[in-house]
Structures are given as structure tokens and as C-alpha cells.
Amino acid sequence: AAEVRLEGVGKRYGNVTAVKPLDLVIEGGTLVTLLGPSGCGKTTLLRMVAGLEQATDGRILIGGRDVTLLSAGERNVSMVFQSYALFPHMSVLDNVAYGLISSGFRKKEAHAKAEATLETVGLKGFGARLPSEMSGGQQQRVAVARALVLEPEVLLFDEPLSNLDARLRRSMREEIRALQQRLGVTVIYVTHDQAEALAVSDRIIVMRNAEIAQAGTPAELYSAP
Ligand code: ADP
Ligand code: ADP
């Protein structure tokens, strides 16, 4: 799994500094959370790793390669959004297969891969449904499947559980953690929820006011004195 390396990476929007230049190395195959209050720069950092925003300072290396020099196809990074962003008029199977088909896979092969990925997230047999016929937790798993089907080296989660109720949030975070460990994929996970960060992370990066305030393992940061 690919290492993600940020070297002096910062982002300004006009007069607003969303992220002050910072250094961060995310070891391949680990799950690292960006934890902090709304507005501290988490999503901006994630979007820069995804290649959706360009850094105003520094550079981002994924597997040793500068993201700005890679095409979307080469970048091999998938993102799971807070809102799931599923296509409401498409079946679950078509939602998952969509990215493959648009990157050139034949429909039959894309559907076979999509079926297998739905099984990975515990949704075998749900392919013919519409997103509206699924529960919130199931829609979230479809969103995960849609990201996973592309076999990314790096998987990004932007507050993936914030639309779910508390009980479902707890079970889904266990699922995400188990899946990450099984697949060995590098994950960057954005949340403002400390309990969620503690439950899923190998390392937690605490952000405050557009910079890193603290970093360490859950035990290092939150063990009782
Ligand atoms: P979150 O707090 O969950 O990250 P926000 O509501 O802050 O979500 O941001 C949602 C989207 O709006 C993001 O894509 C972000 O880049 C954009 N955004 C946030 N603040 C501003 C702003 N001041 N001007 C323009 N776009 C913004
Ligand atoms: P978080 O994800 O931690 O809630 P964001 O990364 O969304 O924080 O936002 C960090 C800061 O950057 C906020 O002050 C936000 O308003 C600002 N910001 C984010 N996106 C934009 C944008 N597209 N244009 C202007 N300001 C933005």
C-alpha cells in the first residue's frame, strides 16, 4: 500500500489560510484520522490529497509520486463523501460499476467486479435496488464499495458516518476498520468525533486553526494518566 507524504503542504483561499504549510507522513497500509473542529482545515487537506484542490504551498507524494503530475487514472485515490453522493436513478450495481465503466471497462466485467465488491461490504444480492430502497448504513456501504471497486492504493473518508444515528455509527466504524485491515489499504479518515477517531485509527492527527496541534497513536494521545 502506498505511503502518503506531505511536504510543506498549505492552502490559501485569498486571505483565508485553510491549511498552514505542514509536513505529514502516512505510512502505507495504516489508517490515519484527521481530527478537529469544523473549519480547522481537515477537508481541505483531504481534498488536496484527492487531487480535487491544488495546494498553494509544498507538494504531496503518493507512493513517491507527486500527485499534481499524475492523471486522475494514475492517482489511484478514491474518496467516500459524507453525503454518499450516489446517483439516485441508478441501481446499486450501476452506482458501483459506474467508475469502472467510465474508466474504460466493459459493462460485463465492470458488473462482475461490482458484484464482488458489494459482497466485500456485506451487500451481496442488493445490486438491483435503488439507493432510496436502502437504509442509511447500507447506502454508506454502497459508497464504500464504489470507492473500493477502483482498487485504490489510498482511500479517503470525509466524515463518512455523520449522517447516521449513534448506534449505526459505532457498528459502521468497526466495519470500516475491519475492512481497512483486511485489505491493507492506506486510509485517511476525517472526523470531528474523538470517539470515532479513537476507535478506528493507527494514528490520530489533531488539527486546530489550520495546523497540526498534536499527533500520535490513540494510546499516546488519550491514555489515562
Ligand atoms: P465541512 O465542515 O464538513 O468540511 P463545510 O460546510 O465547511 O464542510 O464545506 C463544504 C464545502 O464548501 C467544501 O467543499 C468547502 O471547500 C466549501 N467551503 C467551505 N467554506 C467555504 C467558503 N468560505 N467559501 C467557499 N467555499 C467554502
Ligand atoms: P474542516 O473540514 O475542518 O471543517 P475546511 O477544510 O472545510 O475545514 O475549511 C477550512 C477553512 O477554509 C475554513 O475557514 C473554510 O471556510 C475555508 N475554506 C474551505 N474551502 C474554501 C473555499 N473553497 N473557499 C474559501 N474558503 C474555503
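Here is what the cut-offs are and how they apply
- Residues numbered from 1 in each chain as written.
- Chains lettered and ligands numbered in written order.
- Predicted model: local features only at pLDDT ≥ 70, side-chain atom pairs only at ≥ 80, totals over all residues.
- Heavy atoms only, no water.
- pLDDT = per-residue confidence, 0-100.
- Near = heavy atom within 4 Å.
- Polar contact = N/O pair within 3.5 Å; in protein donor to acceptor, adjacent residues only side chain to side chain.
- Areas by Shrake-Rupley, 256 points an atom, 1.4 Å probe, with all protein chains shown as cover.
- Helix = DSSP H or I, 4+ residues; strand = E, 2+ residues; numbered from the N terminus.
- Contact = heavy atoms within 4.5 Å.
- Buried < 20%, exposed > 50% of the residue type's maximum accessible area, 1.4 Å probe, protein only.
- Pairing = 2+ DSSP bridges.
- Expected span 1.5 Å × (residues − 1).
- Arc of directions from axis to C-beta.

Topic: the confidence of the model for the protein chain
Part 1 of the argument: On average, residues of the protein chain score 93 in pLDDT, and 99% of them reach the 70 mark or higher.
Part 2 of the argument: Predicted complex metrics record ipTM = 0.70 and pTM = 0.88.

Describing the site of ligand 1
Part 1 of the argument: Within the structure, ligand 1 sits among Ser38, Thr43 and Gln82.
Part 2 of the argument: Contact distances for ligand 1 include 3.5 Å between an oxygen atom and a side-chain N or O atom of Ser38.
Part 3 of the argument: The protein chains hide 28% of the 550 Å² of surface that ligand 1 would expose on its own.

As for the environment of Val80
Part 1 of the argument: With respect to the helices, strands and loops of the structure, Val80 is situated in strand S6 (residues 77–80).
Part 2 of the argument: Between the alpha carbons of Val80 and Gly8 there is a distance of 25 Å; along the sequence they are 72 residues apart.
Part 3 of the argument: Once residues lying within four places of it in the same chain are set aside, the contact partners of Val80 are Gln140, Ala143, Val144, Ala147, Leu156, Phe157, Asp158 and Pro160.

Let's talk about helix H3 (residues 92–102)
Part 1 of the argument: Of the positions making up H3, those classed as buried are Val92, Leu93, Asn95, Val96, Ala97 and Leu100.
Part 2 of the argument: Considering only its buried residues, H3 is in contact with helix H4 (107–120) and helix H5 (136–148).
Part 3 of the argument: Positioned one or two residues after H3, Gly104 has a phi angle of 110°, which is positive.

Observations regarding the sheet that holds strand S5 (residues 65–66)
Part 1 of the argument: Within the open sheet, the 4 strands sit side by side as S2-S1-S4-S5. Their pairing is antiparallel. Edge positions in the sheet fall to strand S2 (16–26) and S5, since each of these pairs with one other strand and no more.
Part 2 of the argument: Bridge analysis of strand S4 (residues 57–62) against S5 gives 2 bridges, and the strand direction is antiparallel. Across the sheet, Leu61 pairs through a bridge with Asp66, a residue of S5.

Some points on helix H6 (residues 166–183)
Part 1 of the argument: End to end, H6 covers 26 Å across 18 residues, agreeing with the expected 26 Å (1.5 Å per residue, within 8%).
Part 2 of the argument: Those residues of H6 not exposed but buried are Met172, Arg173, Ile176, Arg177, Leu179 and Gln180. In an axial view of H6, the angular spread of the buried residues amounts to 165°, which keeps them on one side of the axis. The exposed residues of H6 that point more than 90 degrees off its buried face are Arg167, Gln181 and Arg182.

Here's the deal with unusual backbone geometry
Glycine aside, residues mostly have negative phi angles, and peptide bonds mostly take the trans form.
Part 1 of the argument: Despite not being glycine, Ala85 has its phi angle at roughly 55°, a positive value.
Part 2 of the argument: Within the element layout of this structure, Ala85 appears in the loop between S6 and H3.
Part 3 of the argument: Unusually for a residue other than glycine, Glu151 sits at a positive phi of about 50°.
Part 4 of the argument: Among the structural elements, Glu151 can be located in the loop between H5 and strand S7 (154–158).

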